[in-house]
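# Structural description and commentary
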Amino acid sequence: ENSIREELIESIRTIPDYPSKGILFRDITTLLKDAKAFRRAVDALVQPYAGSKIDQIAGIEARGFILGGAVAHQLSAGFVPVRKKGKLPAATVEQEYELEYGSDVIEMHRDAIQSGEKVILVDDLIATGGTADAAVHLLRNVGADIVAACFIIDLPDLGGRAKLEKLDVPVRTLVEFP
Ligand code: PRP
Ligand code: ADE
């Protein structure tokens, strides 16, 4: 368990001052291209939910799509994309949110989730929690029962986990960076 964590940490690349000065960007492309690390990350994320009935995985654009698709396959669940504004073709619900480096709007199809469905939210990283918080609001608006929110990386200093836990969303993360 500890060595998996170390392997994952070593597979994540840090780029200073991207996309703006002072940000330490945690780049998971180096984890994704490492077949062993990618498999271990997905296996570790789903491990607590193996055998429970999960209806849908909601993945947040863009990096949450890559992980969310793999997680959905592993749990035999459907996949629902939560996208940046203007990308989805049918009727949507939308929510504005603040980022570590700006603000944005996310959307989900209104009919993506049936009321009462069990949903796990997936993204690569939680920082301020603004994006995940907005996704939780969208999902609950359409009646989702959010079982958990899962991320590979937690930046605990930015308070995202605490923000989601205040909304009674259980949070699962694999590694932390200061
Ligand atoms: C990153 C990351 C999360 C979000 C976390 O995505 O993939 O979705 O930021 O930040 P928060 O907890 O402060 O909201 P980004 O908005 O950079 O979009 P991208 O995946 O399309 O690059
Ligand atoms: N999203 C928000 N903050 C981030 C960071 N420091 N690295 C990568 N993605 C992020």
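Please refer to the structure placed before this passage.
Now for a look at the structure at hand. Along each chain, residues carry numbers from 1 onward, in the same order as the chain's sequence is written. Chains and ligands are labelled sequentially in the order written, the chains with letters from A and the ligands with numbers from 1. Totals for whole chains, interfaces and linings use every residue, but because this is a predicted model, local features are given only for residues with pLDDT of at least 70 and side-chain atom pairs only at 80 or more, for both listing and counting. Hydrogens and water are ignored here; the side-chain numbers use all heavy atoms of the structure.

In this description, strands pair whenever DSSP reports at least two bridges between them. Working definition: helices are DSSP H or I runs of at least four residues, strands are E runs of at least two. Numbering for both runs from the N terminus. Two strands pair when backbone bridges link them, and strand β4 (residues 78-84) and strand β6 (residues 102-109) are joined in this way by 2 bridges, in the antiparallel orientation. Opposite Arg 83, over in β6, you have Glu 107 as the bridge partner.

Turning our eyes to something else, we now look at the environment of Leu 8. Note on placement: Leu 8 falls in helix α1 (residues 2-11). In sequence terms Leu 8 and Lys 84 are 76 residues apart; their C-alpha atoms lie 28 Å from each other. Only heavy atoms matter for contacts: two residues are in contact if any of them lie within 4.5 Å across the pair. Setting aside anything within four residues of it in sequence, one finds Leu 8 in contact with Leu 31, Ala 37, Ala 41, Leu 174 and Val 175.

On to the site of ligand 1, then. With respect to spatial proximity, 16 residues lie near ligand 1, and among them Asp 123, Asp 124, Thr 128, Gly 129 and Thr 131 are the closest. Measuring from an oxygen atom of ligand 1, one finds a backbone N or O atom of Ala 62 at 3.1 Å. Surface burial for ligand 1 is 86%, taken as the share of its 510 Å² of free accessible area covered by protein chains. Put simply, the parts of the chain that give the shell around ligand 1 at least two residues each are β7 (118-126) and α5 (130-141). Considering every element that reaches the shell around ligand 1, the biggest residue donor is β7, with 4 residues. Throughout, the ten residues Ala, Val, Leu, Ile, Met, Phe, Trp, Tyr, Cys and Pro are labelled nonpolar, Asp, Glu, Lys and Arg are labelled charged, and all others, Gly among them, are labelled polar. Residues of the shell around ligand 1, tallied by class, amount to 6 nonpolar, 4 polar and 6 charged. In these notes, residues near a molecule or strand are those with any non-hydrogen atom within 4 Å of it. Counted as a polar contact is a pair of N or O atoms within 3.5 Å, where, for protein atoms, one must be capable of donating a hydrogen and the other of accepting one, and residues adjacent in sequence contribute only when both atoms are in side chains. The Shrake-Rupley method, run with a 1.4 Å probe, gives the accessible areas here. Residue values count only the displayed protein chains as cover.

We now examine α5. The terminal C-alpha atoms of α5 lie 17 Å apart, and with 12 residues this matches the ideal 16 Å at 1.5 Å per residue to within 8%. Note on exposure labels: buried denotes an accessible area under 20% of the residue type's maximum, exposed denotes more than 50%, and partly exposed covers the range between, all computed with a 1.4 Å probe on protein chains only. Counting buried residues in α5 gives 9 out of 12 residues, a clear majority hidden from the surface. Along α5, the positions that sit buried rather than exposed are Gly 130, Thr 131, Ala 132, Asp 133, Ala 134, Ala 135, Val 136, Leu 138 and Leu 139. Under the convention used throughout, the expected extent of a helix is 1.5 Å for every residue step, that is, one less than its residue count.

Put simply, a salt bridge is a Lys or Arg side-chain nitrogen that is within 4 Å of an Asp or Glu carboxyl oxygen. Inspection of the entire model under this criterion finds 10 salt bridges. In this structure, the salt-bridge partner of Asp 124 is Arg 63, at a minimum N-O distance of 2.8 Å. One end of the pair, Asp 124, is in strand β7; the other, Arg 63, is in helix α4 (residues 63-75), with 61 residues separating them in the sequence. Given the relative accessible area of 29%, Arg 63 is considered partly exposed. Asp 145 is paired through a salt bridge with Lys 118; the nearest N and O atoms lie 2.9 Å apart.

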